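Residues per chain, in single letters:
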Amino acid sequence: MAAANAHYYATRDPLGAAGDFITAPEISQMFGELIGLWLADLWDRAGRGPACYVELGPGRGTLAADALRAMAKAGLAPPVHFVETSPVLRAAQAERVAGAIWHDSIDTLPDEVPLLIVANEFFDALPIRQLVRRAGAWHERLVACQALIFLPIAGPAVPDAIIPEALRDAPAGAVIETSPASVNLMRALGGRLARQGGAMLVSDYGYEGPALGDTFQAMRAHGFANPFEAPGEHDLTAHVDFATLAAAAASAGAAPHGPVGQGAFLTALGIDARAAALGPRVAADRERLVAPDQMGTLFRALAITAPGWPHPAGFA
């Protein structure tokens, strides 16, 4: 999954009507504007000190451009740091955000000032591992390749001790997903926030685990594809386990808040007032972002704050 997605994102712009999928910032400027104001509010209540804006996997730079415009109106104009490895997407980001600094990983991000981090539809593309129940035991699911045909197969059995107790006796065929890459990254970011100060917003589709289910999927031309066909030619994703991300951040000393549904989050931030100001032309976009039968409940928001930072808006 990691190798396929690395090739996929390095060789194309996958967004928009001509691509494979569309994200919330590409649907409406309201999404990025409200996130920018959310960050500016936290920064203001934290004392208005120096800070950096950081975005993980910033797509075309649309969210950052909208967020930075809104932040500037609140008096916040931070240096911009993008964690992005795709040369194609870096070029698109440079057109929308002047003066950005790019990083291949979080290791080279500034370490002396608070970080205002955004990760929108980022964690869903990080590699997962799957465990499948068969013949009374749990097995790691592996991928076999023969004559350029890729197929999932069951690998060696794993100890029951690594399976959450409530799920150990699941029926044959049940699947559990984990994402060590996501956990390690969130621990590192949580540690950064605990040491440096700042806040992070994660927005993605997902659930609160541990849970059973196979969510591994591929997107191509705005529809589902076989994830084992043509690796590197479509987007591979899996639903995000928000409970595990929150626990990883907490283990590093940061404070998690949520998750909450995207619809409830954007509504609490004032999307209705913003939509009214922009006029009838954005009514359908607002509905797509917040309606329960569209992105309002499947997509969720999770906030992570540094110890001593204010409670974030939109989270009870």
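First things first, this report covers the structure right here in the doc. Residue positions are counted from 1 within each chain, in the order its sequence is given. Two thresholds apply to this predicted model, a pLDDT of at least 70 for residue-level local features and 80 or more for giving and counting side-chain atom pairs, whereas whole-chain, interface and lining totals are computed over all residues. As a rule here, side-chain values cover all heavy atoms of the structure and leave hydrogens and water aside.

**Considering the pairing of strand E6 (residues 137-146)**
Within a regular beta strand, the side chains point alternately toward one face of the sheet and then the other, so they alternate between its two faces.
Alright, step 1. Bridging between strand E5 (residues 129-134) and E6 involves four bridges; their strand directions are antiparallel. Bridge pairing in E6 places Val132 opposite His139.
Alright, step 2. When DSSP finds two or more bridges between two strands, those strands count as paired. Each helix is a run of H or I in the DSSP string that is no shorter than four residues. Each strand is a run of E no shorter than two, and both are numbered from the N terminus. The turn linking E5 back onto E6 is made up of two residues, and Ala135 within it adopts a positive phi angle of 50 degrees.
Alright, step 3. Strand direction decides the pairing type here: E6 and strand E7 (residues 149-158), joined by eight bridges, are antiparallel. Each bridged residue has a counterpart across the sheet, and for Leu142 the counterpart in E7 is Ile153.
Alright, step 4. Taking the residues between adjacent antiparallel strands as the criterion, E6 and E7 are bridged by two residues, where Ala147 takes a positive phi near 55 degrees.

**Some thoughts on the sheet that holds E6**
Alright, step 1. Taken together, the four strands give an open sheet; going across it, the order is E7-E6-E5-E8, and neighbouring strands pair in antiparallel fashion. Of all the strands in the sheet, the pair left with one neighbour each is E7 and strand E8 (175-178). Going across the sheet, the axis of each strand differs from the next one's by a mean of 35 degrees, ignoring polarity. The axes are straight lines fitted to the C-alpha atoms, using for helices just the contacting stretch, and the angles between their N-to-C directions are given from 0 to 180°.

**Examining the packing of helix H6 (residues 180-196) against helix H7 (residues 242-251)**
Alright, step 1. Look at H6 against H7: their axes get within 7 Å of each other, and the N-to-C directions meet at 40 degrees. Put simply, H6 runs oblique to H7. Along this stretch, H6 crosses H7, giving a crossing that reads as right-handed. The segment H6 lies against H7, with Ser182, Val183, Met186, Arg187 and Gly190 engaging Thr244, Leu245, Ala248, Ala249 and Ser251. Should an angle fall under 35 degrees it is called roughly parallel, over 145 degrees roughly antiparallel, and 65 to 115 degrees roughly perpendicular, with every other angle called oblique. Take the far helix as your reference; a near helix turned counterclockwise from it by less than a right angle gives a left-handed crossing, and one turned clockwise gives a right-handed crossing. Should any heavy atoms of two residues lie within 4.5 Å, those residues are counted as being in contact.

**Re the environment of Pro58**
Alright, step 1. When you line up the elements, Pro58 lands in the loop between strand E1 (52-56) and helix H4 (62-73).
Alright, step 2. Measuring from C-alpha to C-alpha, the distance between Pro58 and Val118 comes to 8.5 Å, with 60 residues separating the pair along the chain.
Alright, step 3. Filtering out sequence-adjacent residues up to four positions away, Pro58 remains in contact with Phe82, Val83, Glu84 and Gln93.

**A look at the pattern of salt bridges**
Alright, step 1. Any Lys or Arg side-chain nitrogen found within 4 Å of a carboxyl oxygen on Asp or Glu counts as a salt bridge. Going through the model one piece at a time under the given rule, you end up with 14 salt bridges.
Alright, step 2. The salt bridge involving Asp104 is made with Arg90; its shortest N-O contact spans 2.9 Å. Taken together, the positions of Asp104 in the loop between strand E3 (101-103) and strand E4 (115-120) and Arg90 in helix H5 (residues 87-96) put the pair 14 residues apart, joining distant regions of the chain.
Alright, step 3. Residue class for Asp104 comes out exposed when judged on its relative accessible area of 58%.
Alright, step 4. Note that Glu287 is salt-bridged to Arg286, the shortest N-O span being 3.3 Å. Buried, partly exposed and exposed residues are distinguished by accessible area as a fraction of the type maximum, computed with a 1.4 Å probe on protein chains only: under 20%, between the cut-offs, and over 50%, respectively.

**Overview of the environment of Ile176**
Alright, step 1. Note on placement: Ile176 falls in strand E8.
Alright, step 2. Here the alpha-carbon distance between Ile176 and Ala199, two residues 23 residues apart in the chain, equals 30 Å.
Alright, step 3. With sequence-adjacent residues up to four places away left out, Ile176 is seen in contact with Arg129, Gln130, Leu131, Trp138, Ile163, Pro164, Leu167, Ala211 and Leu212.

**Here's the deal with unusual backbone geometry**
Alright, step 1. For the bond from Gly209 to Pro210, the omega torsion is 5 degrees, close enough to zero to count as cis.
Alright, step 2. Structurally, Pro210 is set in the loop between strand E9 (198-207) and strand E10 (217-220).
Alright, step 3. Between Gly258 and the following residue, Pro259, the backbone shows a cis peptide bond with an omega angle of 15 degrees.
Alright, step 4. Tracing the backbone through its elements, the reader meets Pro259 in strand E14 (residues 255-261).
Alright, step 5. Phi angles above zero are rare outside glycine, and Ala135 is one such case at about 50 degrees.
Alright, step 6. Among the structural elements, Ala135 can be located in the loop between E5 and E6.
Alright, step 7. The backbone of Ala147 shows a phi angle near 55 degrees, a positive value even though the residue is not glycine.
Alright, step 8. For Ala147, the position within the fold is in the loop between E6 and E7.
Alright, step 9. Overall, the relative accessible area of 71% leaves Ala147 in the exposed class.

**Concerning a nonpolar patch on the surface**
Alright, step 1. A surface patch of nonpolar side chains, amounting to about 340 Å² of accessible area, comprises Leu142, Ile149, Leu151 and Ile153.
Alright, step 2. Residue placement: Leu151 occurs in strand E7. Patch building starts from residues that exceed 30% relative accessible area and form no salt bridge, then joins like charges within 9 Å and nonpolar side chains (Val, Leu, Ile, Met, Phe, Trp, Tyr) within 5 Å. Exposure was quantified through the Shrake-Rupley algorithm and a 1.4 Å probe, taking into account, for residues, occlusion by the shown protein chains and nothing else.

**So, the side chain of Gln196**
Alright, step 1. Locating Gln196 in the fold gives a position in helix H6.
Alright, step 2. You can call Gln196 buried: its relative accessible area is 12%.
Alright, step 3. Two N or O atoms count as a polar contact when they lie within 3.5 Å, although within protein this holds only if one can serve as hydrogen donor and the other as acceptor, and sequence-adjacent residues are included solely when both atoms are side-chain atoms. Reaching out from Gln196, the side chain makes a polar contact with the backbone oxygen of Val113 at a distance of 2.8 Å.
Alright, step 4. With residues up to four places along the chain from it excluded, the contact list for Gln196 reads Pro110, Asp111, Glu112, Val113, Pro114 and Leu115.

**Some words on helix H1 (residues 2-10)**
Alright, step 1. Every buried residue of H1 is accounted for by Ala4, Asn5 and Tyr8. Summarising the axial view, the buried residues of H1 lie within an arc of 90 degrees, below the 170-degree limit, and thus occupy one face.
Alright, step 2. In this structure, the buried side of H1 is in contact with strand E12 (235-237). Taken from the helix axis, the directions to the C-beta atoms give the arc we talk about.

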